[in-house]
Amino acid sequence: MFDFETLYSEGHEEVVFFSDPSCNLKAIVAIHDTTLGPALGGTRMWPYASMDEAVTDVLRLSKGMTYKNAVSGLNLGGGKAVIIGDPQKDKSEALFRSYGKFIESLNGRYITAEDVNIGVEDIEHMFTETNYVTGVSQTHGGSGNPSPYTARGVFRGIEASCTQVFGERSVKDKVVALQGAGSVGRYLGELLYKSGAKVFFTDINKKNIELFKEMVPNAELVGVDDIYDVDCDIYAPCALGATVNDNTIERLKCKIVAGAANNQLAEKRHGDILKEKGVLYAPDYLINAGGVMNVSIEFEGWSDTKATRMVDTIYDTTMKIFQISEEQNIPVYKATDVLAESRLTSIKNIQGKYLGSNQAKNHRFPGRKTLAEQ
Ligand code: NAD
(Lines give C-alpha, C1' and ligand atoms only; values in the text may rest on other atoms or scores of the structure.)
Protein backbone atom coordinates (compact mmCIF):
# COMPACT_ATOMS: atom_id res chain seq x y z
CA MET A 1 0.00 0.00 0.00
CA PHE A 2 1.21 3.48 -0.92
CA ASP A 3 2.38 5.54 2.05
CA PHE A 4 4.62 8.46 2.91
CA GLU A 5 7.19 6.18 4.56
CA THR A 6 7.90 4.68 1.13
CA LEU A 7 8.36 8.15 -0.34
CA TYR A 8 10.69 9.11 2.49
CA SER A 9 12.81 6.00 2.18
CA GLU A 10 13.05 6.05 -1.62
CA GLY A 11 13.54 9.82 -1.80
CA HIS A 12 10.54 10.81 -3.95
CA GLU A 13 9.68 14.50 -3.86
CA GLU A 14 6.21 14.58 -5.34
CA VAL A 15 3.49 12.20 -6.56
CA VAL A 16 0.51 13.67 -8.36
CA PHE A 17 -2.74 11.93 -9.29
CA PHE A 18 -4.69 13.30 -12.25
CA SER A 19 -8.25 12.29 -13.06
CA ASP A 20 -10.70 13.44 -15.71
CA PRO A 21 -13.90 11.37 -15.90
CA SER A 22 -14.95 13.08 -19.16
CA CYS A 23 -12.29 11.11 -21.05
CA ASN A 24 -11.58 8.35 -18.52
CA LEU A 25 -8.13 9.72 -17.65
CA LYS A 26 -6.40 8.13 -14.68
CA ALA A 27 -2.77 9.20 -14.48
CA ILE A 28 -0.03 9.32 -11.88
CA VAL A 29 3.11 11.43 -12.17
CA ALA A 30 6.03 10.68 -9.85
CA ILE A 31 8.83 13.22 -9.51
CA HIS A 32 11.69 11.47 -7.79
CA ASP A 33 14.55 13.94 -7.60
CA THR A 34 15.08 17.37 -9.14
CA THR A 35 18.59 18.07 -7.86
CA LEU A 36 19.96 18.19 -11.39
CA GLY A 37 17.01 19.90 -13.09
CA PRO A 38 13.39 19.33 -14.05
CA ALA A 39 12.37 15.68 -13.90
CA LEU A 40 12.35 14.02 -17.31
CA GLY A 41 10.97 10.57 -18.08
CA GLY A 42 8.36 9.01 -20.30
CA THR A 43 4.68 8.26 -19.84
CA ARG A 44 3.70 4.59 -19.90
CA MET A 45 0.15 3.38 -20.64
CA TRP A 46 -0.69 0.03 -19.09
CA PRO A 47 -3.84 -1.80 -17.91
CA TYR A 48 -2.65 -2.11 -14.31
CA ALA A 49 -4.71 -4.58 -12.31
CA SER A 50 -4.73 -2.33 -9.24
CA MET A 51 -3.85 1.13 -8.07
CA ASP A 52 -1.07 -0.31 -5.90
CA GLU A 53 0.52 -1.92 -8.96
CA ALA A 54 0.44 1.39 -10.86
CA VAL A 55 1.91 3.36 -7.95
CA THR A 56 4.66 0.80 -7.35
CA ASP A 57 5.59 0.92 -11.02
CA VAL A 58 5.69 4.71 -11.29
CA LEU A 59 7.76 5.05 -8.10
CA ARG A 60 10.27 2.44 -9.31
CA LEU A 61 10.51 3.87 -12.82
CA SER A 62 10.87 7.50 -11.69
CA LYS A 63 13.75 6.63 -9.36
CA GLY A 64 15.40 4.75 -12.22
CA MET A 65 15.23 7.93 -14.34
CA THR A 66 17.05 9.95 -11.64
CA TYR A 67 19.95 7.51 -11.84
CA LYS A 68 19.89 7.26 -15.62
CA ASN A 69 19.82 11.04 -16.18
CA ALA A 70 22.49 11.58 -13.51
CA VAL A 71 24.95 9.02 -14.83
CA SER A 72 24.38 10.21 -18.41
CA GLY A 73 25.56 13.69 -17.49
CA LEU A 74 22.19 15.31 -18.22
CA ASN A 75 21.05 18.38 -16.31
CA LEU A 76 17.74 16.72 -15.64
CA GLY A 77 16.11 15.09 -12.68
CA GLY A 78 14.16 11.85 -12.64
CA GLY A 79 10.44 11.41 -13.11
CA LYS A 80 7.98 9.14 -14.80
CA ALA A 81 4.24 8.89 -15.37
CA VAL A 82 1.72 6.13 -15.90
CA ILE A 83 -1.70 6.28 -17.46
CA ILE A 84 -3.93 3.47 -16.25
CA GLY A 85 -5.78 2.07 -19.24
CA ASP A 86 -5.84 -0.36 -22.13
CA PRO A 87 -3.84 1.12 -25.02
CA GLN A 88 -6.00 -0.82 -27.51
CA LYS A 89 -9.30 0.61 -26.22
CA ASP A 90 -8.80 3.66 -24.06
CA LYS A 91 -6.68 6.02 -26.17
CA SER A 92 -8.33 9.21 -27.44
CA GLU A 93 -7.34 12.72 -28.44
CA ALA A 94 -9.32 14.06 -25.47
CA LEU A 95 -7.50 11.81 -23.02
CA PHE A 96 -4.04 12.91 -24.16
CA ARG A 97 -5.01 16.58 -24.37
CA SER A 98 -6.50 16.45 -20.90
CA TYR A 99 -3.30 14.77 -19.70
CA GLY A 100 -1.27 17.49 -21.47
CA LYS A 101 -3.18 20.19 -19.55
CA PHE A 102 -2.35 18.49 -16.28
CA ILE A 103 1.34 18.23 -17.23
CA GLU A 104 1.28 21.96 -18.03
CA SER A 105 -0.08 22.64 -14.55
CA LEU A 106 3.16 21.23 -13.07
CA ASN A 107 4.87 24.27 -14.59
CA GLY A 108 7.85 22.35 -15.92
CA ARG A 109 8.79 20.39 -12.82
CA TYR A 110 8.08 17.28 -14.92
CA ILE A 111 8.74 16.85 -18.64
CA THR A 112 7.30 13.85 -20.37
CA ALA A 113 8.16 11.69 -23.41
CA GLU A 114 7.26 8.36 -25.04
CA ASP A 115 7.40 5.12 -23.13
CA VAL A 116 5.72 1.72 -23.45
CA ASN A 117 2.46 2.03 -25.47
CA ILE A 118 2.83 5.76 -26.05
CA GLY A 119 3.71 6.86 -29.59
CA VAL A 120 4.49 10.09 -31.38
CA GLU A 121 0.80 10.63 -32.24
CA ASP A 122 -0.13 10.57 -28.54
CA ILE A 123 2.77 12.90 -27.74
CA GLU A 124 1.53 15.34 -30.38
CA HIS A 125 -1.86 15.51 -28.65
CA MET A 126 -0.10 16.31 -25.36
CA PHE A 127 2.00 18.92 -27.18
CA THR A 128 -1.20 20.69 -28.22
CA GLU A 129 -1.67 21.59 -24.57
CA THR A 130 1.81 21.71 -23.06
CA ASN A 131 5.34 22.62 -23.91
CA TYR A 132 6.73 20.23 -21.33
CA VAL A 133 6.95 17.28 -23.65
CA THR A 134 9.80 15.80 -25.70
CA GLY A 135 9.99 13.24 -28.46
CA VAL A 136 7.66 15.22 -30.68
CA SER A 137 7.91 14.74 -34.43
CA GLN A 138 10.69 16.41 -36.41
CA THR A 139 8.11 18.43 -38.38
CA HIS A 140 7.21 20.17 -35.12
CA GLY A 141 10.81 20.82 -34.07
CA GLY A 142 11.32 17.54 -32.24
CA SER A 143 13.95 14.86 -32.49
CA GLY A 144 11.90 12.05 -34.05
CA ASN A 145 12.70 8.36 -33.62
CA PRO A 146 15.13 7.83 -30.69
CA SER A 147 16.02 4.21 -31.53
CA PRO A 148 19.04 4.87 -33.81
CA TYR A 149 20.56 7.01 -31.03
CA THR A 150 19.85 4.37 -28.42
CA ALA A 151 21.53 1.81 -30.69
CA ARG A 152 24.55 4.06 -31.17
CA GLY A 153 24.94 4.42 -27.40
CA VAL A 154 24.72 0.65 -26.92
CA PHE A 155 27.35 0.25 -29.62
CA ARG A 156 29.66 2.68 -27.77
CA GLY A 157 29.06 0.66 -24.59
CA ILE A 158 30.01 -2.52 -26.46
CA GLU A 159 33.18 -0.86 -27.73
CA ALA A 160 34.11 0.20 -24.19
CA SER A 161 33.50 -3.37 -23.02
CA CYS A 162 35.76 -4.70 -25.79
CA THR A 163 38.50 -2.27 -24.72
CA GLN A 164 38.17 -3.52 -21.16
CA VAL A 165 38.07 -7.25 -21.96
CA PHE A 166 40.09 -7.65 -25.16
CA GLY A 167 42.38 -4.63 -24.94
CA GLU A 168 41.09 -3.12 -28.17
CA ARG A 169 38.02 -1.10 -28.95
CA SER A 170 37.15 -2.59 -32.33
CA VAL A 171 34.35 -5.16 -32.65
CA LYS A 172 35.90 -6.53 -35.85
CA ASP A 173 35.62 -10.33 -35.95
CA LYS A 174 33.76 -10.42 -32.63
CA VAL A 175 30.76 -12.73 -32.45
CA VAL A 176 27.55 -11.20 -31.08
CA ALA A 177 24.35 -12.96 -29.98
CA LEU A 178 21.65 -10.31 -30.35
CA GLN A 179 18.24 -10.92 -28.82
CA GLY A 180 15.41 -8.79 -30.22
CA ALA A 181 15.53 -7.45 -33.76
CA GLY A 182 13.20 -4.52 -33.05
CA SER A 183 13.62 -0.75 -33.31
CA VAL A 184 16.92 -0.64 -31.42
CA GLY A 185 18.15 -4.16 -32.25
CA ARG A 186 18.10 -3.63 -35.99
CA TYR A 187 20.16 -0.42 -35.84
CA LEU A 188 22.60 -2.03 -33.42
CA GLY A 189 22.89 -5.04 -35.76
CA GLU A 190 23.69 -2.72 -38.64
CA LEU A 191 26.41 -0.88 -36.69
CA LEU A 192 27.98 -4.19 -35.63
CA TYR A 193 27.85 -5.58 -39.17
CA LYS A 194 29.39 -2.44 -40.68
CA SER A 195 32.21 -2.66 -38.15
CA GLY A 196 33.04 -6.24 -39.05
CA ALA A 197 31.31 -8.23 -36.28
CA LYS A 198 29.49 -11.49 -36.91
CA VAL A 199 25.88 -11.36 -35.67
CA PHE A 200 23.61 -14.24 -34.60
CA PHE A 201 20.11 -13.03 -33.77
CA THR A 202 16.65 -14.09 -32.71
CA ASP A 203 13.16 -12.63 -32.57
CA ILE A 204 9.54 -13.76 -32.34
CA ASN A 205 8.23 -11.32 -34.93
CA LYS A 206 8.53 -12.36 -38.60
CA LYS A 207 8.37 -8.83 -39.98
CA ASN A 208 11.17 -7.67 -37.70
CA ILE A 209 13.26 -10.71 -38.65
CA GLU A 210 12.93 -9.81 -42.34
CA LEU A 211 13.77 -6.15 -41.71
CA PHE A 212 16.82 -7.21 -39.71
CA LYS A 213 18.08 -9.48 -42.49
CA GLU A 214 17.83 -6.58 -44.96
CA MET A 215 19.94 -4.34 -42.71
CA VAL A 216 22.37 -7.05 -41.58
CA PRO A 217 22.86 -9.28 -44.65
CA ASN A 218 25.30 -11.78 -43.09
CA ALA A 219 23.31 -12.26 -39.86
CA GLU A 220 22.29 -15.79 -38.88
CA LEU A 221 18.92 -16.47 -37.29
CA VAL A 222 18.79 -18.83 -34.31
CA GLY A 223 15.87 -20.19 -32.26
CA VAL A 224 14.33 -18.02 -29.55
CA ASP A 225 15.72 -20.13 -26.72
CA ASP A 226 18.98 -21.01 -28.52
CA ILE A 227 20.32 -17.47 -28.30
CA TYR A 228 21.67 -18.19 -24.78
CA ASP A 229 23.79 -21.07 -26.08
CA VAL A 230 25.51 -19.25 -28.95
CA ASP A 231 29.28 -19.48 -28.68
CA CYS A 232 29.90 -15.76 -28.72
CA ASP A 233 31.98 -12.89 -27.35
CA ILE A 234 29.04 -10.60 -26.61
CA TYR A 235 25.45 -11.27 -25.58
CA ALA A 236 23.31 -8.23 -26.48
CA PRO A 237 19.81 -8.35 -24.94
CA CYS A 238 17.58 -5.94 -26.88
CA ALA A 239 14.12 -7.38 -26.25
CA LEU A 240 13.04 -7.95 -22.68
CA GLY A 241 14.37 -7.35 -19.19
CA ALA A 242 15.49 -10.04 -16.72
CA THR A 243 17.05 -12.35 -19.33
CA VAL A 244 20.15 -12.79 -17.17
CA ASN A 245 18.54 -15.12 -14.65
CA ASP A 246 18.93 -18.49 -12.91
CA ASN A 247 17.91 -20.36 -16.06
CA THR A 248 20.25 -18.59 -18.48
CA ILE A 249 23.31 -17.49 -16.55
CA GLU A 250 25.12 -20.83 -16.68
CA ARG A 251 24.36 -21.20 -20.37
CA LEU A 252 25.85 -17.88 -21.47
CA LYS A 253 29.21 -18.44 -23.18
CA CYS A 254 30.03 -14.77 -23.70
CA LYS A 255 32.70 -12.56 -22.15
CA ILE A 256 30.46 -9.47 -22.27
CA VAL A 257 26.77 -8.74 -21.64
CA ALA A 258 25.83 -5.43 -23.24
CA GLY A 259 22.47 -4.52 -24.75
CA ALA A 260 19.57 -2.07 -24.90
CA ALA A 261 17.04 -3.81 -22.68
CA ASN A 262 16.18 -2.23 -19.35
CA ASN A 263 16.85 -4.17 -16.13
CA GLN A 264 18.72 -7.05 -17.76
CA LEU A 265 19.60 -8.66 -14.44
CA ALA A 266 16.62 -10.58 -13.04
CA GLU A 267 18.02 -9.84 -9.58
CA LYS A 268 21.04 -7.87 -8.45
CA ARG A 269 22.76 -11.06 -7.33
CA HIS A 270 22.98 -12.06 -11.01
CA GLY A 271 25.35 -9.12 -11.46
CA ASP A 272 27.53 -10.59 -8.71
CA ILE A 273 27.44 -14.01 -10.38
CA LEU A 274 28.48 -12.50 -13.73
CA LYS A 275 31.46 -10.87 -12.01
CA GLU A 276 32.43 -14.19 -10.37
CA LYS A 277 32.20 -15.91 -13.77
CA GLY A 278 34.49 -13.27 -15.29
CA VAL A 279 31.76 -11.91 -17.57
CA LEU A 280 31.77 -8.14 -17.95
CA TYR A 281 28.33 -6.57 -17.62
CA ALA A 282 27.98 -3.19 -19.29
CA PRO A 283 25.88 -0.71 -17.27
CA ASP A 284 22.45 -1.13 -18.90
CA TYR A 285 20.83 2.13 -17.87
CA LEU A 286 23.83 4.11 -19.08
CA ILE A 287 24.49 2.40 -22.40
CA ASN A 288 20.81 2.55 -23.39
CA ALA A 289 20.58 6.27 -22.55
CA GLY A 290 21.13 7.45 -26.14
CA GLY A 291 17.37 7.86 -26.59
CA VAL A 292 16.92 10.09 -23.55
CA MET A 293 20.05 12.08 -24.47
CA ASN A 294 18.54 12.63 -27.90
CA VAL A 295 15.21 13.97 -26.61
CA SER A 296 16.87 16.05 -23.89
CA ILE A 297 18.42 18.43 -26.41
CA GLU A 298 15.04 19.32 -27.88
CA PHE A 299 15.10 22.02 -25.19
CA GLU A 300 17.97 23.86 -26.80
CA GLY A 301 17.17 23.03 -30.43
CA TRP A 302 17.83 19.50 -31.63
CA SER A 303 20.44 18.62 -34.24
CA ASP A 304 21.83 15.29 -35.33
CA THR A 305 25.39 16.51 -34.75
CA LYS A 306 24.65 17.51 -31.15
CA ALA A 307 22.79 14.30 -30.42
CA THR A 308 25.56 12.17 -31.89
CA ARG A 309 28.28 14.00 -29.97
CA MET A 310 26.39 13.52 -26.76
CA VAL A 311 25.65 9.84 -27.32
CA ASP A 312 29.32 9.18 -28.07
CA THR A 313 30.22 10.23 -24.50
CA ILE A 314 28.76 6.88 -23.42
CA TYR A 315 32.10 5.27 -24.33
CA ASP A 316 34.07 7.35 -21.80
CA THR A 317 31.44 7.11 -19.07
CA THR A 318 31.30 3.34 -19.45
CA MET A 319 35.10 3.19 -19.13
CA LYS A 320 34.87 5.34 -15.98
CA ILE A 321 32.36 2.91 -14.47
CA PHE A 322 34.62 -0.07 -15.25
CA GLN A 323 37.42 1.78 -13.49
CA ILE A 324 35.28 2.36 -10.37
CA SER A 325 34.26 -1.30 -10.46
CA GLU A 326 37.91 -2.38 -10.53
CA GLU A 327 39.21 0.12 -7.98
CA GLN A 328 36.47 -0.63 -5.46
CA ASN A 329 36.21 -4.31 -6.41
CA ILE A 330 32.45 -4.06 -6.83
CA PRO A 331 30.22 -5.35 -9.66
CA VAL A 332 29.46 -2.94 -12.52
CA TYR A 333 25.81 -2.48 -11.55
CA LYS A 334 26.95 -1.14 -8.16
CA ALA A 335 29.66 1.03 -9.71
CA THR A 336 27.05 2.64 -11.98
CA ASP A 337 24.95 3.60 -8.96
CA VAL A 338 28.09 4.92 -7.23
CA LEU A 339 28.82 7.26 -10.14
CA ALA A 340 25.18 8.45 -10.36
CA GLU A 341 24.95 9.01 -6.60
CA SER A 342 28.27 10.83 -6.38
CA ARG A 343 27.12 13.31 -9.05
CA LEU A 344 23.79 13.83 -7.30
CA THR A 345 25.45 14.38 -3.93
CA SER A 346 28.07 16.77 -5.24
CA ILE A 347 25.52 18.90 -7.10
CA LYS A 348 23.16 18.87 -4.11
CA ASN A 349 26.02 20.23 -2.06
CA ILE A 350 26.80 23.12 -4.36
CA GLN A 351 23.38 24.38 -5.30
CA GLY A 352 20.76 22.76 -3.08
CA LYS A 353 17.56 21.50 -4.58
CA TYR A 354 15.92 22.60 -7.76
CA LEU A 355 12.82 24.32 -6.50
CA GLY A 356 10.59 25.05 -9.37
CA SER A 357 9.67 27.32 -12.14
CA ASN A 358 12.80 29.43 -12.72
CA GLN A 359 14.95 26.51 -13.72
CA ALA A 360 12.07 24.95 -15.57
CA LYS A 361 11.69 28.11 -17.61
CA ASN A 362 15.28 27.76 -18.76
CA HIS A 363 14.26 24.44 -20.19
CA ARG A 364 11.32 25.76 -22.20
CA PHE A 365 12.03 25.16 -25.82
CA PRO A 366 13.28 28.49 -27.13
CA GLY A 367 10.72 30.06 -29.37
CA ARG A 368 8.64 26.94 -29.42
CA LYS A 369 4.91 27.20 -28.99
CA THR A 370 2.39 24.53 -28.19
CA LEU A 371 0.55 23.15 -31.21
CA ALA A 372 -2.57 25.06 -30.12
CA GLU A 373 -0.61 28.33 -30.10
CA GLN A 374 0.96 27.71 -33.53
P1 NAD B 1 10.81 -3.10 -29.90
O2 NAD B 1 9.49 -3.49 -29.36
O3 NAD B 1 10.86 -2.30 -31.16
O4 NAD B 1 11.72 -4.40 -30.14
C5 NAD B 1 11.74 -5.48 -29.27
C6 NAD B 1 11.87 -6.73 -30.13
O7 NAD B 1 12.01 -7.84 -29.27
C8 NAD B 1 10.65 -7.00 -31.00
O9 NAD B 1 11.07 -7.23 -32.34
C10 NAD B 1 10.03 -8.23 -30.38
O11 NAD B 1 9.38 -9.07 -31.32
C12 NAD B 1 11.25 -8.90 -29.80
N13 NAD B 1 10.97 -9.87 -28.75
C14 NAD B 1 9.99 -9.85 -27.82
N15 NAD B 1 10.06 -10.94 -27.05
C16 NAD B 1 11.12 -11.68 -27.51
C17 NAD B 1 11.71 -12.90 -27.12
N18 NAD B 1 11.23 -13.63 -26.10
N19 NAD B 1 12.80 -13.34 -27.79
C20 NAD B 1 13.28 -12.63 -28.83
N21 NAD B 1 12.76 -11.47 -29.26
C22 NAD B 1 11.68 -11.00 -28.59
O23 NAD B 1 11.56 -2.35 -28.71
P24 NAD B 1 12.83 -1.42 -28.81
O25 NAD B 1 12.39 -0.01 -28.86
O26 NAD B 1 13.77 -1.94 -29.85
O27 NAD B 1 13.47 -1.64 -27.36
C28 NAD B 1 14.19 -2.82 -27.07
C29 NAD B 1 14.58 -2.82 -25.60
O30 NAD B 1 15.39 -1.67 -25.32
C31 NAD B 1 13.39 -2.71 -24.63
O32 NAD B 1 13.69 -3.44 -23.48
C33 NAD B 1 13.33 -1.22 -24.31
O34 NAD B 1 12.74 -0.99 -23.04
C35 NAD B 1 14.79 -0.86 -24.31
N36 NAD B 1 15.07 0.55 -24.62
C37 NAD B 1 14.66 1.08 -25.80
C38 NAD B 1 14.93 2.41 -26.08
C39 NAD B 1 14.52 3.03 -27.40
O40 NAD B 1 15.02 4.13 -27.74
N41 NAD B 1 13.66 2.42 -28.19
C42 NAD B 1 15.63 3.20 -25.15
C43 NAD B 1 16.06 2.61 -23.95
C44 NAD B 1 15.77 1.28 -23.70
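Going by the structure above, here's the rest.
Nothing here was measured: the structure is a model prediction, and the numbers come from that model. (Residues numbered from 1 in each chain as written. Predicted model: local features only at pLDDT ≥ 70, side-chain atom pairs only at ≥ 80, totals over all residues. Heavy atoms only, no water.)

Peer 1: Got a sec to walk through the packing of helix H5 (residues 147-166) against helix H12 (residues 313-327)? Specific residues and values, please.
Peer 2: Between H5 and H12, whose axes approach to 8 Å, the crossing angle comes to 40°. Considered as vectors, H5 and H12 are oriented oblique to each other. You can see that H5 and H12 cross each other, and the crossing is right-handed. Seen from H5, the contacting residues are Gly-153, Arg-156, Gly-157, Glu-159, Ala-160, Ser-161, Thr-163 and Gln-164; seen from H12, they are Ile-314, Tyr-315, Thr-318, Met-319, Phe-322 and Glu-326. Partitioning the contact of H5 with H12 into residue classes produces five nonpolar, six polar and three charged. (Axes fitted to C-alpha atoms, helices over the stretch in contact; angles between N-to-C directions. Helix = DSSP H or I, 4+ residues; strand = E, 2+ residues; numbered from the N terminus. Parallel < 35°, antiparallel > 145°, perpendicular 65-115°, else oblique. Left-handed = near helix turned anticlockwise from the far one by under 90°. Contact = heavy atoms within 4.5 Å. Nonpolar A, V, L, I, M, F, W, Y, C, P; charged D, E, K, R; others polar.)

Peer 1: Provide a residue-level description of the packing of aromatic side chains, including the pertinent values.
Peer 2: With the rule as written, the count across this model stands at four aromatic pairs. Between Phe-18 and Phe-102, the aromatic rings sit 4.4 Å apart at their centres with planes inclined by 15°, giving stacked as the arrangement. Residue Phe-18 is located in strand E1 (residues 14-20), and its partner Phe-102 is located in helix H3 (residues 93-105); the two are separated by 84 residues in the primary sequence. Exposure remark for Phe-102: the relative accessible area of 23% places this residue in the partly exposed category. Judged by centre distance (4.2 Å) and plane angle (25°), the ring pair of Phe-201 and Phe-212 falls under stacked. With a gap of 11 residues between them, Phe-201 in strand E8 (residues 198-202) and Phe-212 in helix H7 (residues 206-215) connect regions that are remote in the sequence. For the pair formed by Phe-201 and Phe-212, the shared burial category is buried. (Phe/Tyr/Trp six-rings, centres within 6.5 Å; stacked < 30°, edge-to-face > 60°. Buried < 20%, exposed > 50% of the residue type's maximum accessible area, 1.4 Å probe, protein only.)

Peer 1: Give a description of the site of the ligand that names residues and reports values.
Peer 2: The environment of the ligand is made up of 20 residues, and the closest members are Thr-150, Ser-183, Val-184, Asp-203 and Asn-208. Contact distances for the ligand include 2.7 Å between an oxygen atom and a side-chain N or O atom of Ser-183. Between the ligand and Asn-262, the relevant distance is 3.1 Å, taken from an oxygen atom to a side-chain nitrogen or oxygen of the residue. For the ligand, whose unbound accessible area comes to 820 Å², protein coverage reaches 73%. Only H5 and helix H6 (183-194) provide two or more residues apiece to the shell around the ligand. (Near = heavy atom within 4 Å. Polar contact = N/O pair within 3.5 Å; in protein donor to acceptor, adjacent residues only side chain to side chain. Areas by Shrake-Rupley, 256 points an atom, 1.4 Å probe, with all protein chains shown as cover.)

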